[in-house]
Amino acid sequence: MTLMNKRIVAIDDTDSILTFLRISLEALGAKFQGAATAAGGMALCESDTPDLVVLDLGLPDKEGFSILQRLKRLNSEKNLPVIVLTVRNEPESINMAKELGAYAYLTKPFIMDDLIDIIHEALHIKQTKHLSLVKSEEAAS
């Protein structure tokens, strides 16, 4: 379990995304908490600082960029990694997220393995590679 006891908070208003993140990250040992609103997500982050936040930009109660700013101020000494996970793929949003201190920017739909790789990198955790049960063409001959 490569994310053992790492506290990860996801702020996303799509239930299926929160469920997918919960299942995937808890399977790796993370302590996952999700919120469907900016207010709920900030409450989770302010009560007990997470190790990492996954943040959607399109939230029903507040713009994600303002949450990103608050998260970066909240834990400025720790440099809390925030991964933006959004449907927005225009250069202006990507640049704004970088300027505000996002660790990474991933667009939906996304590949969970890519997100997990970014999380490991952000938390400075070396991943253990799983062996493949499928033989390559070269190995088979």
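Residue numbers run consecutively from 1 along every chain, following the written order of its sequence. Local features in this predicted model are restricted to residues of pLDDT 70 or higher, and side-chain atom pairs are both shown and tallied only at a pLDDT of 80 or more, whereas totals for entire chains, interfaces and linings draw on every residue. The side-chain numbers reported here are obtained from all heavy atoms of the structure, hydrogens and water having been left aside.

### Thoughts on the overall build of the protein
Our working definition: Strands are runs of DSSP state E lasting at least two residues, helices are runs of H or I lasting at least four, and both sets are numbered from the N terminus onward. A simple rule labels every residue: compare its accessible area, found with a 1.4 Å probe on the protein chains alone, to the largest value its type can have, and call it buried under 20%, exposed over 50%, or partly exposed in between. A contact between two residues is defined here by any heavy atoms of the two lying within 4.5 Å. All accessible-area figures derive from a Shrake-Rupley calculation using a 1.4 Å probe, and residue coverage is judged against the displayed protein chains alone.
Counting secondary structure elements, the protein contains 6 helices and 5 strands. Starting at the N terminus and ending at the C terminus, the protein contains elements arranged as β-α-β-α-β-α-β-α-β-α-α. The 141 residues of the protein split such that 44% are buried. Here the analysis covers contacts within the protein between residues at least 6 apart in sequence; of these, 64% occur between residues at least 24 apart. Entry remark: accessible area of the protein is about 8000 Å², with carbon and sulfur atoms responsible for 53%.

### Section: a negative patch on the surface
The line we're drawing: To count toward a patch, a residue needs a relative accessible area over 30% and no salt bridge; like charges are then connected within 9 Å, while nonpolar side chains (Val, Leu, Ile, Met, Phe, Trp, Tyr) are connected within 5 Å. Within this document, salt bridges are pairs made up of a side-chain nitrogen of Lys or Arg and a carboxyl oxygen of Asp or Glu, the two lying within 4 Å of each other. We score Asp and Glu as negative and Lys and Arg as positive, and we do not count His or the chain ends. For charged residues, the charge sits on one atom: NZ in Lys, CZ in Arg, CG in Asp, CD in Glu.
Among the surface-exposed residues, Asp-113, Asp-114, Asp-117 and Glu-121 lie close enough to one another that they form a single negatively charged patch. Positionally, Asp-114 belongs in helix 5 (residues 112-122). A residue is classified by how much of its surface remains accessible, and Asp-114, at 38% relative accessible area, is partly exposed.

### A word on the sheet that holds strand 5 (residues 104-107)
How we decide: At least two bridges found by DSSP between two strands are what make those strands a pair. Fitted lines through C-alpha atoms give the axes, limited to the stretch in contact for helices. The angle between two N-to-C directions lies from 0 to 180 degrees.
Strand order in this open sheet of 5 strands is 2-1-3-4-5, and the pairing throughout is parallel. In this open sheet, the two strands that pair with only one neighbour each are strand 2 (31-35) and strand 5. Pairwise comparison of adjacent strand axes, ignoring direction, gives a mean angle of 20 degrees for this sheet. The pairing of strand 4 (residues 82-86) with strand 5 spans 4 bridges and is parallel. Within the sheet, the bridge partner assigned to Thr-86 lies in strand 5 and is Thr-107. Helix 3 (residues 64-74) contacts strand 1 (7-11), strand 3 (52-55) and strand 4 of the sheet and is inclined by roughly 170 degrees relative to strand 3.

### Topic: helix 3
Put simply, the test is: Arc, as used here, means the arc of the directions from the helix axis to the C-beta atoms.
By the burial criterion, the buried members of helix 3 are Gly-64, Phe-65, Ile-67, Leu-68, Leu-71 and Lys-72. In an axial view of helix 3, the angular spread of the buried residues amounts to 155 degrees, which keeps them on one side of the axis. The elements touched by buried residues of helix 3 are strand 1, helix 2 (38-47), strand 3, strand 4 and helix 4 (91-99).

### A look at the packing of helix 1 (residues 15-27) against helix 5
For any two helices packed against each other, the geometry comes down to the angle between their axes and how far apart the axes lie. To be explicit about the condition: Angles are sorted into four bins: roughly parallel if under 35 degrees, roughly antiparallel if over 145, roughly perpendicular if 65 to 115, and oblique for all others. Here a crossing is called left-handed whenever its near helix is offset anticlockwise from the far helix by less than a right angle, and right-handed whenever the offset is clockwise. Each residue receives one of three labels: charged for Asp, Glu, Lys and Arg, nonpolar for Ala, Val, Leu, Ile, Met, Phe, Trp, Tyr, Cys and Pro, and polar for the others, Gly being one of them.
Following both chains from N to C, one finds helix 1 and helix 5 inclined at 60 degrees, their axes separated by 12 Å at the closest point. For the element pair helix 1 / helix 5, the angle class is oblique. Every pair of crossing elements has a handedness; the one defined by helix 1 and helix 5 is right-handed. Taken together, the residues of helix 5 that come into contact with helix 1 (itself represented by Phe-20, Leu-21, Ser-24 and Leu-25) are Met-112, Leu-115, Ile-116 and Ile-119. Here the residues of the contact of helix 1 with helix 5 are counted per class, giving 7 nonpolar, 1 polar and no charged.

### With respect to the pattern of salt bridges
What the rule picks out here adds up to 6 salt bridges. For Glu-26, the salt bridge is made with Arg-22, and the minimal N-O distance between the two is 3.4 Å. Of this pair, Glu-26 and Arg-22 both sit in helix 1, separated by 4 residues, roughly a single helical turn. With relative accessibility at 34%, the residue Arg-22 sits in the partly exposed group. Here Arg-70 ties to Glu-46 by a salt bridge, and the two come within 2.9 Å at their closest N and O atoms. Here Arg-70, found in helix 3, pairs with Glu-46, found in helix 2; they are 24 residues apart in sequence, far enough to count as distant.

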